[in-house]
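Residue-level structure breakdown
Listed below, chain by chain, are the residues.
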Amino acid sequence: MKPKDPCKIHACKIQKCLHENNFQEDRCQKWIEYLRECCVVWGSASISCSGIKTDVKIRSLCLFIHIWFTALFLEVKPKPTDTETKTVNIS
């Protein structure tokens, strides 16, 4: 069985967005960026990333963004860290 393409969802969202927006690329930039970020993480493991240029220097940032987006997309909320749960009193 062929493994699933991890970035296919983003490529499909780009196609849908372009179709719905009369192929105006500027209206679909968020989906294009999501695909690029996914390709930084998955690279050649995704056929959807064929021809997508990625910058290795931002790999860790893109990995964080991809994981966060995936968590939001799947409606899974990460547990808050200790610093996020503390309240600050401003007098």
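Provided above is the structure to which this section pertains.
Reading guide: rules and limits
Residues numbered from 1 in each chain as written. Predicted model: local features only at pLDDT ≥ 70, side-chain atom pairs only at ≥ 80, totals over all residues. Heavy atoms only, no water. Disulfide = S-S within 2.5 Å. Helix = DSSP H or I, 4+ residues; strand = E, 2+ residues; numbered from the N terminus. Buried < 20%, exposed > 50% of the residue type's maximum accessible area, 1.4 Å probe, protein only. Expected span 1.5 Å × (residues − 1). Arc of directions from axis to C-beta. Core = buried A, V, L, I, M, F, W, Y, C linked by side-chain atoms within 4.5 Å. Contact = heavy atoms within 4.5 Å.

With the rule as written, the count across this model stands at three disulfides. Between the sulfur atoms of Cys7 and its disulfide mate Cys38 the distance is 2.0 Å. Handedness of the Cys7-Cys38 disulfide follows from its S-S torsion of about -90°: it is left-handed. Separated by 31 residues along the polypeptide, Cys7 in the segment before helix 1 (8–20) and Cys38 in helix 2 (residues 29–42) bring together distant segments of the chain. A relative accessible area of 0% places Cys7 in the buried class. Paired through a disulfide, Cys39 and Cys49 show a sulfur-sulfur distance of 2.0 Å. In this structure, the disulfide formed by Cys39 and Cys49 twists by about -90° around the S-S bond and is classed as left-handed. Residue Cys39 is located in helix 2, and its partner Cys49 is located in the loop between helix 2 and helix 3 (59–73); the two are separated by ten residues in the primary sequence. Both residues of the pair, Cys39 and Cys49, belong to the buried class. Taken N- to C-terminal, the disulfide-bonded cysteines of the protein are connected 1-4, 2-3, 5-6.

The end-to-end C-alpha distance of helix 1 is 18 Å, a good match for the 18 Å that 13 residues give at a rise of 1.5 Å each. Residues of helix 1 that are buried include every one of His10, Ala11, Ile14, Cys17 and Leu18, and no others. Taken end-on, helix 1 shows its buried residues confined to a sector of 125°, consistent with a single buried face. More than 90 degrees from the buried face of helix 1, the exposed residues found are Gln15, His19 and Glu20. Backbone geometry just after helix 1 places Asn22 at a positive phi near 50°.

The next subject is the nonpolar core. Counting residues in each nonpolar core, the largest one holds ten residues, listed as Cys7, Ile14, Cys17, Leu18, Cys28, Trp31, Leu35, Cys38, Cys39 and Cys49. Elements that contribute at least two residues to this core include exactly helix 1 and helix 2. Among the elements that line this core, the one with the most residues is helix 2, at four residues. Those residues within four positions of Cys28 in sequence are excluded, and the remaining contacts are Cys17, Leu18 and Asn21.

For the rest of this paragraph, the subject is the environment of Cys39. A residue is classified by how much of its surface remains accessible, and Cys39, at 3% relative accessible area, is buried. The spatial distance from the C-alpha of Cys39 to the C-alpha of Thr54 is 7.0 Å, given a sequence separation of 15 residues. Beyond its immediate chain neighbours, meaning those up to four positions away, Cys39 contacts Cys7, Cys49, Ile52 and Thr54.

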